[in-house]
Amino acid sequence: MSDQQAREASTNRLARRLAAAMGVSWFVGAAWIVLFYLDPALPLLADLGNWNLLAGFALFLLGAAFALALLVTVIVRSGRRP
């Protein structure tokens, strides 16, 4: 395997991991907020109170950061500049 192929394979793995982390973060953030609204008396959710909204939206923002990192990775991999 040449050096170029090894770099491309590494970049592809990174892109897949970033996409997976982005999706999981958005899903968990949405699930956190939905669970809070459906049953705010759940043990962990009851302790946090309205801070659950901040936790859910923080997970959404984390997903957005992963999306930005994925975008940068794809742009750098393509060799083009925006």
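Look a little higher up for the structure.
Every value quoted in this text rests on a predicted model; they were computed, and no experiment measured them.

So, on to the overall build of the protein chain. Scanning the protein chain for helices and strands turns up 3 helices and 0 strands. In sequence order, the protein chain lays out its α and β elements as α-α-α. In the protein chain, buried positions account for 16% of the 82 residues. For the protein chain, contacts bridging at least 24 residues in sequence account for 63% of all contacts bridging at least 6. On the protein chain, roughly 6,100 Å² of surface is accessible, and the fraction owed to carbon and sulfur atoms is 69%.

It is worth spelling out the packing of aromatic side chains at this point. As enumerated under the stated definition, the model contains 2 aromatic pairs in all. Look at phenylalanine 57 and phenylalanine 60: their rings are 5.8 Å apart centre to centre, the planes differ by 50°, and that puts the pair in the tilted class. With a gap of 3 residues between them, phenylalanine 57 and phenylalanine 60 both fall in helix α3 (residues 51-78), about one helical turn apart. Residue phenylalanine 57 is classed as partly exposed on the basis of its relative accessible area, which comes to 47%.

Time to look at a nonpolar patch on the surface. Together, Leu44, Leu48, Trp51 and Leu54 give the surface a local cluster of nonpolar side chains, amounting to about 430 Å² of exposed area. For the nonpolar patch, the elements supplying multiple residues, two or more each, are α2 (43-48) and α3. Residue placement: tryptophan 51 occurs in helix α3.

Attention shifts here to α3. With 28 residues, α3 ought to run about 40 Å at 1.5 Å a step, and its terminal C-alpha atoms sit 41 Å apart, in line with that. Within the span of α3, buried status applies to Asn52, Gly56, Gly63, Leu70 and Thr73. After α3 finishes, the residue glycine 79 shows a positive phi value of roughly 85°.

This next bit is on the environment of glycine 23. Counting through the fold element by element, glycine 23 comes out in helix α1 (residues 3-38). Along the chain, glycine 23 and phenylalanine 66 lie 43 residues apart, while their C-alpha atoms are 9.0 Å from each other.

Once that is clear, we can look at the environment of phenylalanine 60. On the basis of relative accessibility, which here comes to 27%, the residue phenylalanine 60 falls in the partly exposed class. With 33 residues separating them in the primary sequence, phenylalanine 60 and phenylalanine 27 have C-alpha atoms 8.4 Å apart.

Structurally, serine 25 can be placed in helix α1. Of note is the side chain of serine 25, whose polar atom sits 3.2 Å from the backbone nitrogen of glycine 63. The contacts of serine 25, once residues within four sequence positions are left out, are Leu59, Leu62, Gly63 and Phe66.

What counts, and at which threshold
Counting restarts for each chain: residues are numbered from 1 in the order of the written sequence. Predicted model: local features are reported for residues with pLDDT of at least 70 only, side-chain atom pairs are reported and counted for 80 or more only, and whole-chain, interface and lining totals are derived from all residues. Only hydrogens and water are set aside; all other atoms, that is, all heavy atoms of the structure, feed into the side-chain values. Numbering of helices and strands starts at the N terminus; helices are DSSP runs of H or I of at least 4 residues and strands are runs of E of at least 2. Residue burial is assigned from relative accessible area. The probe radius is 1.4 Å, only protein chains are included, and a residue is buried under 20% of its type maximum, exposed over 50%, and partly exposed in between. The contact criterion used throughout is that any non-hydrogen atoms of two residues lie within 4.5 Å. Note on areas: Shrake-Rupley, 1.4 Å probe, and residue coverage restricted to the protein chains presented here. Two rings from Phe, Tyr or Trp (for Trp, the six-membered ring) form a pair when their centres are within 6.5 Å of each other. A pair whose planes differ by under 30 degrees is stacked, one over 60 is edge-to-face, and the rest are tilted. By definition, no residue in a patch forms a salt bridge, and every one has over 30% relative accessible area; like charges are joined within 9 Å, nonpolar side chains (Val, Leu, Ile, Met, Phe, Trp, Tyr) within 5 Å. Salt bridges are defined by distance alone: a side-chain nitrogen of Lys or Arg within 4 Å of a carboxyl oxygen of Asp or Glu. A helix is expected to span 1.5 Å multiplied by its residue count minus one. Two N or O atoms count as a polar contact when they lie within 3.5 Å, although within protein this holds only if one can serve as hydrogen donor and the other as acceptor, and sequence-adjacent residues are included solely when both atoms are side-chain atoms.

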